[in-house]
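# Survey of secondary and tertiary structure
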Amino acid sequence: MTILDYKIDFAVVLSVSKANPNGDPLNGNRPRQNYDGFGEISDVALKRKIRNRLQDMGESIFVQSNDRKNDTFGSLRERADSNVELGKILKSKTGSSDEFAQIACLEWIDVRSFGQVFAFKSDKAGSGVSVGVRGPVSIHTATSLDPIDITSIQITKSVNSEPGNSKGSDTMGMKHRVDSGVYLFKGSINTQLAEKTQFTKEDAQKFKQALITLFENDLSSARPEGSMEVHKVFWWEHTSKLGQYSSAKVHRSLLVEKLVAEPKEFTDYRFDVQSLEGLKVEIIDGL
């Protein structure tokens, strides 16, 4: 296992069709939009999907969804306690923060990728652990290439929830979706932080595979199977730790051109990569 010793930049193009890619709980679960009408998918939502894909690939994940967890632990504290060495640190005043972080990074791929804040009370009064791990992988918010249109429909329920002779009252609510939209998000992997968390070249390849298959096994009522799709993954591997170019310049080298006046689908755009001397890009089709 070789620690990652070269900078990586990436970008992902995805599409949404009659689905809610990321609802806003403070706005009636409507798809997220910025003030200019462009759709957004938060970096937190993207990291959740990446964690799920890595978990499907057999990797150990610390922050698991309750509906997808593959162990019996009911909290992050219990999952941390399950590691014998971490459990000893949590139950005593011994052990340094650096030691705690190192053990956690070796145990869980999402910790050594994205970082994690461990803030747990100890069983003994006056002691505990508060450790912050900075991960090497950073991801931007996904933003639609054009403003999105949101469709809202009213939903009702006309069944009896409890025993009784009379029909139950209809329960009304709203369901929201994006009819069509193309989103783009970008990110980078930092080598200095990779050294601290022991993020390896093998981890980077697993992360790339998770991006390619981002929406596999991700169906829900808000996102029916096939309603969200990764079309292209752009992957730049630099030849040095700091990289030949800044991430901003690399990301700007991805050029997007509209092929129609009002683009809605992936085929309504053309994506080209401006050549940067000494830096090659790998362009991968989504699954």
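Just so you know, these numbers come straight off a predicted model, no measurement behind them.

Along its length, the protein carries eight helices and 14 strands. When its C-alpha atoms are laid out on the principal axes, the protein stretches across 70 × 60 × 30 Å. Residues classed as buried in the protein amount to 45% of the 287 residues present. The long-range fraction of contacts in the protein, counting pairs at least 24 apart against all pairs at least 6 apart in sequence, stands at 70%. Accessible surface computed for the protein: about 15,200 Å², of which carbon and sulfur atoms make up 47%. Of the charged side chains in the protein, 38 are positive and 39 negative; the average position of the first set lies 4 Å away from that of the second.

This brings us to the environment of Lys249. Relative to the helices and strands, Lys249 is located in helix H8 (residues 247-252). The exposure class assigned to Lys249 is partly exposed, which follows from its relative accessible area of 40%. Once the C-alpha coordinates of Lys249 and Leu276 are considered, the two residues, 27 residues apart in sequence, prove to be 9.2 Å apart.

Our focus in this paragraph is the nonpolar core. Ile50, Ile139, Phe185, Ile189, Phe207 and Leu211 are the most contacted members of the largest nonpolar core, which totals 39 residues. For this core, the elements supplying multiple residues, two or more each, are strand S1 (8-19), helix H1 (43-56), helix H5 (109-114), strand S7 (137-139), strand S10 (173-189), helix H7 (201-212) and strand S11 (228-237). The element best represented in this core is S1, accounting for six residues. Not counting residues up to four positions away in its chain, the partners in contact with Ile139 are Phe10, Asp43, Leu46, Lys47, Ile50, Phe114, Phe185, Lys186, Gly187 and Phe207. In this structure, Ile89, Cys105, Trp108 and Val131 belong to the second largest nonpolar core, which totals 17 residues.

Definitions and cut-offs
- Residues numbered from 1 in each chain as written.
- Predicted model: local features only at pLDDT ≥ 70, side-chain atom pairs only at ≥ 80, totals over all residues.
- Heavy atoms only, no water.
- Helix = DSSP H or I, 4+ residues; strand = E, 2+ residues; numbered from the N terminus.
- Buried < 20%, exposed > 50% of the residue type's maximum accessible area, 1.4 Å probe, protein only.
- Contact = heavy atoms within 4.5 Å.
- Areas by Shrake-Rupley, 256 points an atom, 1.4 Å probe, with all protein chains shown as cover.
- Lys, Arg positive; Asp, Glu negative; His and termini not counted.
- Charge placed at Lys NZ, Arg CZ, Asp CG, Glu CD.
- Core = buried A, V, L, I, M, F, W, Y, C linked by side-chain atoms within 4.5 Å.

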